[in-house]
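Structural overview for review
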Amino acid sequence: MSKIKQILSRQILDSRGDPTIEVDVITQDNCLGRASVPSGASKGQYEAFELRDCERDFSGKGVKKVIYNINKIIAPELIGKSVLDQIKIDYMMLDLDGTKNKNRLGANAILGVSLAIVKAASNSLNIPIYKYIGGVYSHVLPVPLINIVNGGKHANSSIPFQEFMIIPTVAKTFFESIQIGHKIFYQLKELLSKKGLSTNVGDEGGFSSNFNNIENILDIILEAIHLSNYEPYKDIGIAIDCAASEFYQEKDEKYNYSKFGMMHNKDNIIKTREEHIRYLSFLTRRYPIVSIEDGMDQNDLIGWKYLTKELGKNIQLVGDDLFVTQIDRLQNIGIDKEIANAVLIKLNQVGTLTETIKTIHLANKHKYNNIISHRSGDTEDSFIADFSVAFNIGQIKTGSICRSERNAKYNQLLRIENDLGKNSFFSGKI
């Protein structure tokens, strides 16, 4: 009775109001698996292909072509197949597409079906998603990297770096980590308001105020931490996502901090590779920064090598645009070249659940940290919460705590922690 009876797809809106795809998979025993696909504004060059209509409707961002591919190409091949055959179905869709980067059907079409399949399977067996995917030993609640300041492409501000996050390492439970994040977030809001700075939020819920330089941002974050009665280093760590590919000038191999309007300082607005690395190193010595994501451009492998040598033994260096969740890039660029020490996991960068899991396993094998992540254009779908627990990942990025599409993931993790009870584990460390 776990065989697929029907596959339906529709166009819905993501958190930015842009169209995205939602897929329903219905089994013969009328169990429903429903999944929606997020979308990034800051995309890695090597991500799997996201298919859009490129017509007048929705500024060319419609997904009618995706709906056609699901209904007319994918669905006829999968009707009658068992939703329990996840790997087999994922590879069937990859064969149907037939391209390396999913250029024919679109990664958003394939991923929508892939995730709806696994949800239908868990519902058919009446097993929570995290237990269905991960098994009886899935019990680790992830440490949240809570976004409190947005910049780059995720905000209408002058900040070149894309995210500034806090990590509540003093927390003993996931619930407590959210309490701490809430306290610091709203203490920061009060500080910004007192200083006459905007408390509007960016795509991922972090404040999108204008600042003169990066140190100003980190200083006010430290002030919020202190006023919340926590100690930097001991209780709270800071993570930053530079998203350096967004302000890298490939032609002259320089990093332009003024791209989004920030002057930084008059003498050093545009930095060489070496100056940029020295600046990141300076920030880690001055502030409790424990993780840097995309510190260098996705193609600046020389810079990545230098950065890893400079900071890789002391802090977490995360590849997002660098690896785009793809096993070949993690192996060939990360492991073989000894670049970075962590990989950001975004399902829509690669396109199927099966491929994503393979990347996670490879990272674990070579002692690279995994961090499960949302996208800047997201939906209420909370799958990544279950996914993080399924593989005992230990870290999650799902934005701030003031937007419903972000809180949907936090709320699901709170439910899972409650469900696991005394069997849950929360390390508080990255």
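Residues numbered from 1 in each chain as written. Predicted model: local features only at pLDDT ≥ 70, side-chain atom pairs only at ≥ 80, totals over all residues. Heavy atoms only, no water.

Overview of the sheet that holds strand β8 (residues 248-249)
Formally: Following DSSP output, two strands are said to pair if at least two bridges run between them. Helix and strand assignments follow DSSP, with helices taken as H or I runs no shorter than four residues and strands as E runs no shorter than two, numbered in order from the N terminus. In what follows, residue pairs with any heavy atoms lying within 4.5 Å of each other are defined as contacts. To obtain an axis, a line is fitted to C-alpha atoms, over the contacting stretch when the element is a helix, and the angle between two such axes runs from 0 to 180 degrees between their N-to-C directions.
If you trace the three strands from one edge of the open sheet to the other, you get β8-β9-β10, paired in antiparallel fashion. Where the open sheet ends on each side, the last strands, each with one partner, are β8 and β10 (270-272). Strand direction decides the pairing type here: β8 and strand β9 (residues 254-256), joined by two bridges, are antiparallel. Paired with Tyr248 across the two strands is Tyr255, which belongs to β9. Here helix α7 (residues 273-286) sits on the sheet and contacts β8, β9 and β10; the angle it forms with β10, its principal contact strand, is near 100°.

Let's talk about the sheet that holds strand β2 (residues 19-27)
Across the sheet, three strands lie side by side as β1-β2-β3; this open sheet has antiparallel pairing. Looking at strand neighbours, the two that pair on one side only are β1 (4-13) and β3 (32-36), the edges of this open sheet. Each neighbouring strand pair of the sheet contributes to a mean axis angle of 15°, computed without reference to strand direction. For β2 and β3, the ladder comprises five bridges, and the chain directions are antiparallel. Residue pairing across strands places Ile26 opposite Leu32, the latter belonging to β3.

Here we look at the side chain of Asp235
Counting through the fold element by element, Asp235 comes out in the loop between α6 (214-227) and β7 (236-241). Among residues more than four places away in sequence, those in contact with Asp235 are Ile167, Pro168, Thr169, Val170 and Tyr230.

Re helix α11 (residues 353-365)
Going by this rule: Each residue after the first adds 1.5 Å to the expected span of a helix. Three exposure classes are used, based on accessible area relative to the maximum for each residue type with a 1.4 Å probe and protein chains only: buried under 20%, partly exposed in between, and exposed over 50%.
Over its 13 residues, α11 runs 19 Å from end to end, which matches the ideal 18 Å to within 8%, given 1.5 Å per residue. Restricting attention to buried positions, one finds in α11 the residues Leu353, Thr354, Glu355, Thr356, Ile357, Thr359, Ile360, Leu362 and Ala363. Just downstream of α11 lies Lys367, where phi reads positive at about 60°.

Quick look at the side chain of Asp300
Under the convention used in this document: Polar contacts here mean pairs of N or O atoms no more than 3.5 Å apart (in protein, one a potential hydrogen donor and the other a potential acceptor; neighbouring residues in sequence count only if both atoms are side-chain atoms).
Here Asp300 lies in the loop between β11 (289-293) and α8 (301-311). At 2.7 Å, the side chain of Asp300 and the side chain of Tyr255 are in polar contact.

Nothing here speaks to function; it is geometry throughout.
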